[in-house]
Structure formats: C-alpha cells, structure tokens
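Summary of structural features
Residue-level listing of the chains:
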Amino acid sequence: MVETWQITIPTLSGDTPRSVYVYLPINYTSSCARYPVLYLFDGQEAFFPQDSLFGESLRLDALLDEKQAPLIVVAVACNPDVAGARLDEYAPFDFSHKSFGNHIGKGKQTMDWYVHTLKPQIDTLYRTLPDRAHTYIMGCSMGGLMSLYALLEYNNVFHGAAALSPSLWTAPEPLRKLIRTANLDPDTILYMDCGQIEMRQQRILEQLFPDFAKALQNRRVLLTQRIIPGGKHSSESWKRQIPFALFALLYQESL
C-alpha cells in the first residue's frame, strides 16, 4: 500500500507543493508491529510510472510486496524545477559543470528538513522504529550523492545508505574531506555502485569510484561496492540494481 500526500518545503521551494509517497508493508494494518524506515530521494520515481520524470518507475511497491518486506519507505518528490533547483537541493557542495552550469549546494538545507521536519512527522504518523539502528536512506544519481552525504554528515541519524550511480564528479575534493573527517559509527553500512557503460561515458568515474571506495574502507565503513555489467546511468538499470542494494543495506533487518 502506498499513501500519497502533499507537502511544501518553504526553505527550498516556497509554497510550491510536492508529493510524499509512503509505502506501508502489506501486513501493516493487521499488525501492531513497528518497522524500520528507508528514506528515498526522487520519490516520484519510486512507485508509479505515471509520476516518473526520468523514465521507468522503480516499482518498489511490487518488489517489497513480493518479498513481504517489513519496511516503511518514505519517498519525497524532487523539486519541480528539475533542470535547476533539483541539482541545488541534491548538491552537498557548490559545483560548476559545462553541461549543467553553476549550482549552489543546498544539500545541508535539504537534509536538515529531512532530519528535523520530515522524520519527526513520519515517526508520529506511522509505527516506525525511529532509532538510528533502523533508519536508512537511498538515492540514484544526485540522490545517490545525497545519500552518501547524509550517511557521512548525519551519521547519528542514519545507520546505512544506498548510493546508486552517485554523482561523485560534482565536488570531489569537499567530499573527500568529509569522508576523512566525518564522525562515523563503526557499524555504518553503505552500498555503492556504478554502471560499466556509465564509467565509459564519464571517464572520471573510472578514477573516482575506486578512490572513494578505498577512502570509505579506510574509515572502516561496512561497504558493498559493485560495478554493474552493462550498467547505464538510467532508471532501467537502477530498477535492476535495487534488489542488490536493499539486500546489502537491510541484511540485518531480514528483508
């Protein structure tokens, strides 16, 4: 079951509404159990093909229903200004790119809203397990970058993250510094992947992906890293990668 409601994020997009999608386990209404929570960026891509802006929906509800997964998923739609403001919201640091222009990183503002406004609301409305041990975050592309950032900068909130095709190229030096200096719990979990074809198309990823993986391993992060055979930077690829990401991220939750 997926519930959908409208919210605004005044500090990021004023009074422009956007959707929040909340997936509830198939036995939610017939049970008194509490559940771990996975937060997801680009929520419009999570469940319904008609809401997708980038191609094929991930159809997470079908996958989780099939597995009878004991998991709540909270997926927030991206900024409606996909070409500009979305990149600002999902950028932890300022960056410039010849194809995407100049962007002011508002990732901290975004995550402050997730942590201090959205999460308390979710924990009030639904039967969650609100502690860090049962709180996770996931995203693809810029959302993957934000998931990595959230895990590092808000490690007291998130036990684990899944970063599918994270946009490591946007501001690699500040991200390297954050990896070195972040206060990380020794049980921190990360799934991170990159597509084989994606790497060929962005040669810088051939260096950045293994470099960041090594830096994270040096910090003793419990890292699962994959290079996806034939993988592309696309919804079609990410949909196929989701089961691997969830298994690695939620192994201790018996997903």
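Notes on the structure in this doc start here. Here, residues in each chain are numbered from 1, in the same order as that chain's written sequence. Totals for whole chains, interfaces and linings use all residues, but because this is a predicted model, local features are given only for residues with pLDDT of at least 70 and pairs of side-chain atoms are given and counted only at 80 or more. Side-chain measures here rest on the full set of heavy atoms in the structure, leaving out hydrogens and waters.

1. Observations concerning the packing of helix H4 (residues 107-125) against helix H5 (residues 142-153)
Fitted lines through C-alpha atoms give the axes, limited to the stretch in contact for helices. The angle between two N-to-C directions lies from 0 to 180 degrees. By definition, any uninterrupted DSSP run of H or I lasting at least four residues is a helix, any uninterrupted run of E lasting at least two residues is a strand, and each is numbered from the N terminus. Interaxial distance between H4 and H5 falls to 11 Å at its minimum, and their mutual angle equals 70°. The orientation of H4 with respect to H5, classified from their angle, is roughly perpendicular. Two packed elements cross with a definite hand, and for H4 against H5 that hand is right-handed. Residue-level inspection shows Gly107, Lys108, Thr110 and Met111 of H4 in contact with H5, the latter providing Met146, Tyr149 and Ala150. The residue makeup of the contact of H4 with H5, split by class, is 4 nonpolar, 2 polar and 1 charged. To sort the angles, those under 35 degrees are grouped as roughly parallel, those over 145 as roughly antiparallel, those from 65 to 115 as roughly perpendicular, and the leftovers as oblique. Whether a crossing is left-handed or right-handed is set by the direction in which the near helix is turned from the far one by less than a right angle, anticlockwise for left-handed and clockwise for right-handed. Contacts are assigned to residue pairs that have any heavy atoms within 4.5 Å of one another. Residues were grouped as follows: Ala, Val, Leu, Ile, Met, Phe, Trp, Tyr, Cys and Pro as nonpolar; Asp, Glu, Lys and Arg as charged; and all remaining residues, including Gly, as polar.

2. Observations regarding the packing of aromatic side chains
Stacked, edge-to-face and tilted are the three classes for Phe, Tyr and Trp ring pairs, Trp counted by its six-membered ring, which pair at centre distances within 6.5 Å; planes under 30 degrees apart are stacked, over 60 edge-to-face, the rest tilted. The tally for this structure, following the rule as stated, stands at 12 aromatic pairs. Where Phe41 meets Tyr90, the ring centres are 5.2 Å apart and the plane angle is 70°; that geometry is what we call edge-to-face. Residue Phe41 is located in the loop between strand E3 (37-40) and helix H2 (60-67), and its partner Tyr90 is located in the loop between helix H3 (85-89) and strand E5 (95-97); the two are separated by 49 residues in the primary sequence. Exposure remark for Phe41: the relative accessible area of 3% places this residue in the buried category. Ring centres of Trp113 and Tyr114 lie 5.3 Å apart, and the angle between their planes is 90°; on these two criteria the pair is classed as edge-to-face. Trp113 sits in the buried class, given a relative accessible area of 9%. With relative accessibility at 4%, the residue Tyr114 sits in the buried group. Each residue in the set Tyr21, Tyr23, Phe47 and Phe48 is aromatic and connected to the rest through ring pairs, giving one cluster. Any residue under 20% of the maximum accessible area for its type is buried, any over 50% is exposed, and the rest in between are partly exposed; the area is computed with a 1.4 Å probe on protein chains only.

3. A few points about the nonpolar core
Grouped burial of nonpolar side chains is what soluble globular proteins tend to show. In this description, a nonpolar core means a group of buried Ala, Val, Leu, Ile, Met, Phe, Trp, Tyr and Cys residues linked to one another through side-chain atoms lying within 4.5 Å. Counting residues in hydrophobic clusters, the biggest one holds 60 residues, and the most contacted among them are Tyr39, Ile72, Met111, Leu152, Phe158, Leu190 and Leu216. Per-element accounting of this core gives the leading share, 8 residues, to H5. Those residues in contact with Leu152 that sit more than four places away from it in its chain are Leu175, Leu178, Ile179, Ala182, Leu184 and Leu216. Grouped together as the second largest cluster of nonpolar side chains are 28 residues, Tyr21, Ala69, Cys140 and Trp238 included.

4. Some words on the sheet that holds E3
Pairing is mixed across the open sheet formed by 8 strands, whose spatial order is E1-E2-E4-E3-E7-E8-E9-E10. Because the sheet does not close on itself, it has two edges, and the strands there are strand E1 (2-7) and strand E10 (222-228). The average undirected angle you get between the axes of adjacent strands in this sheet is 15°. If DSSP finds at least two bridges between two strands, the strands pair. Bridge analysis of strand E7 (residues 135-140) against strand E8 (residues 160-164) gives 5 bridges, and the strand direction is parallel. When the sheet's bridge partners are listed, Met138 is paired in E8 with Ala162.

By themselves, these are just geometric observations and shouldn't be taken as functional.
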